Amino acid sequence: MRIAVTGATGHLGGLIIESLLQRGVAASDLVAVVRSAEKAQPLSDQGIALGVASYEDEAALTAALSGVDRLVLVSGSEVGQRVAQHTNIINAAKAAHVSFIAYTSLLNLDTSELGLAPEHAATEQLLADSGIDHTRLRNGWYWENYASALASGEATGKFFGAAGSAKVSGAARRDYAEAAAVVVTGENHAGKVYELAGAPALTYPEIAAAVGDVLGKEVTYENQTVAEYQATLEGFGLPSEVAAMFASMDPIIEQGALYSESTDLQDLIGRPSTSAAEALKA
């Protein structure tokens, strides 16, 4: 069985490759779909085949997936471009006769109002229309997304946000990577929707405490208005449009967009998910 992973030089894609190798998949049975062969040289050095193709080049993607049985489609990182990119990948998978796709989607997608949701929903529909067996891995938040809070916590003793009483069911990237590896190497996952949520869920004050644990000092949560939070992010060097995007997400997060009581993640990986403090220390 030959397995391909898109975005294999990215954070999540690279961890999926690692998880597949740890599960006993031979390097010779893996294909890393990458934009740059030079950047992927460490994967090639392990005996992993490289499928060099940009998401904009459907023909190159088809060639990269030739002979592949199963694919982990890691969602692209370019917000606003992902539907077109994912269309090319799914079309290429169909042309290459890939039999199964595991797609990294978004937690609570059916009800999510996050700005990230529409592209994931469109991709899930593309998969449904493709005729290819697939599984939707609806990933929750990465605890590593709060790594930038380490610098602000060290500097100010504060963890800033505009999410009020929000609870976040986060986990480490490695947890989601392991779940993807379990699904793409296993059986009876086709047609399934997995809501992948970490446990326990943490409030923002509890996330602040986790940041403090990593830093070895007290860090407290300061709840701000969206405008105040945007200004804070800009003060830490984020471009205004990026700061606006992140700040606008927090009220939606407060409504429960990143909270779930699903145990799908723990059930798939067969262990508790990684704590925020542990993920941030790593």
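See the structure printed just above.
Residues numbered from 1 in each chain as written. Predicted model: local features only at pLDDT ≥ 70, side-chain atom pairs only at ≥ 80, totals over all residues. Heavy atoms only, no water.

### Some points on the overall build of the chain
Each helix and strand in the chain was counted, giving 12 helices and 11 strands. The globule rule puts the C-alpha radius of gyration for 282 residues at 19 Å, and the 19 Å found for the chain is close to it. Taking the principal axes of its C-alpha atoms as reference, the chain extends roughly 55 × 35 × 35 Å. The buried share of the chain, taken over its 282 residues, is 52%. Summed over its atoms, the accessible surface of the chain is roughly 12,000 Å², and 50% of this surface lies on carbon and sulfur atoms. Charge separation in the chain, taken as the distance between the mean sites of 17 positive and 34 negative side-chain charges, equals 4 Å. (Helix = DSSP H or I, 4+ residues; strand = E, 2+ residues; numbered from the N terminus. Rg over C-alpha atoms; globule rule 2.2 N^0.38 Å. Buried < 20%, exposed > 50% of the residue type's maximum accessible area, 1.4 Å probe, protein only. Areas by Shrake-Rupley, 256 points an atom, 1.4 Å probe, with all protein chains shown as cover. Lys, Arg positive; Asp, Glu negative; His and termini not counted. Charge placed at Lys NZ, Arg CZ, Asp CG, Glu CD.)

### A short note on the nonpolar core
Of all hydrophobic cores here, the largest spans 36 residues; its most connected members are Ile16, Leu20 and Leu196. Secondary-structure elements contributing two or more residues to this core are β1 (3-6), α1 (11-22), β2 (30-34), β5 (100-106), α7 (173-185), β9 (193-196) and α11 (264-269). By residue number, the principal contributor to this core is α7, which donates 8 residues. Aside from chain neighbours lying at most four places away, what touches leucine 20 is Ile3, Val5, Val25, Leu30, Ala181, Val184 and Thr185. One finds Ala117, Leu202, Leu258 and Ala279 within the second-largest nonpolar core, a separate group that totals 32 residues. (Core = buried A, V, L, I, M, F, W, Y, C linked by side-chain atoms within 4.5 Å. Contact = heavy atoms within 4.5 Å.)

### As for the environment of alanine 208
Turning to its location among the elements, alanine 208 is positioned in helix α8 (residues 204-215). Placed 124 residues apart in sequence, alanine 208 and alanine 84 show a C-alpha to C-alpha distance of 38 Å. Setting aside residues up to four positions removed in sequence, alanine 208 forms contacts with Phe159, Val219, Thr220 and Tyr221.

### Notes on the side chain of threonine 6
With respect to the element layout, threonine 6 can be found in strand β1. Threonine 6 gets classed as buried once you look at its relative accessible area, which sits at 1%. For threonine 6, the side chain forms a polar contact with the main-chain nitrogen of valine 74, separated by 2.9 Å. With residues near it in sequence (within four places) discarded, threonine 6 still touches Gly13, Val33, Tyr55, Leu71, Val72, Leu73, Val74 and Ile89. (Polar contact = N/O pair within 3.5 Å; in protein donor to acceptor, adjacent residues only side chain to side chain.)

### Some thoughts on the pairing of β1
Here β1 shows a buried face lined by Ile3 and Val5 and a second buried face lined by Ala4 and Thr6. Pairing of β1 with β2 involves 4 bridges; the strand directions are parallel. If you follow isoleucine 3 over to β2, its bridge partner there is leucine 30. Handedness of the β1-α1-β2 crossover: right-handed. (Pairing = 2+ DSSP bridges. Right-handed = clockwise from strand over helix to strand, strands pointing away.)

### Topic: the packing of aromatic side chains
Scanning all chains against the criterion turns up 8 aromatic pairs. Note on tyrosine 142 and tyrosine 176: the rings are 5.4 Å apart at their centroids and 55 degrees apart in plane angle, and the pair reads as tilted. A residue pair is termed long-range when its members are at least 10 positions apart, and tyrosine 142 in the loop between β6 (133-139) and α6 (148-156) and tyrosine 176 in helix α7 qualify at 34 residues. Between tryptophan 143 and tyrosine 146, the ring centres sit 6.3 Å apart and the planes meet at 40 degrees, which makes this aromatic pair tilted. By relative accessible area, tryptophan 143 is classed as buried at 2%. Judged by relative accessible area, tyrosine 146 falls into the buried class, the value being 9%. Ring pairs connect the aromatic residues Trp143, Tyr146, Phe159, Tyr204 and Tyr221, which therefore count as one cluster. Over the aromatic face of tyrosine 55 sits the side chain of arginine 35, whose NZ or CZ is 5.1 Å from the ring centroid. If you follow arginine 70 out to its NZ or CZ, it ends over the ring of phenylalanine 100, 5.8 Å from the centre. (Phe/Tyr/Trp six-rings, centres within 6.5 Å; stacked < 30°, edge-to-face > 60°. Lys NZ or Arg CZ within 6 Å of the ring centre and 35° of its normal.)

### Observations concerning the pattern of salt bridges
The final tally for this structure, using the stated rule, is 12 salt bridges. For glutamate 18, the salt bridge identified is with arginine 174, shortest N-O distance 3.2 Å. Taken together, the residues glutamate 18 in helix α1 and arginine 174 in helix α7 connect sequence positions 156 residues apart. For arginine 174, a relative accessible area of 38% corresponds to the partly exposed category. Across the pair glutamate 119 and arginine 82 runs a salt bridge, and its minimum N-O distance is 3.1 Å. Taken together, the residues glutamate 119 in helix α5 (residues 117-130) and arginine 82 in helix α4 (residues 82-95) connect sequence positions 37 residues apart. Here glutamate 119 matches arginine 82 in class, with each residue buried. Within the structure, one salt-bridge network assembled from shared partners comprises Asp110, Glu124, Arg136, Arg138 and Glu195. (Salt bridge = Lys/Arg side-chain N within 4 Å of Asp/Glu carboxyl O.)

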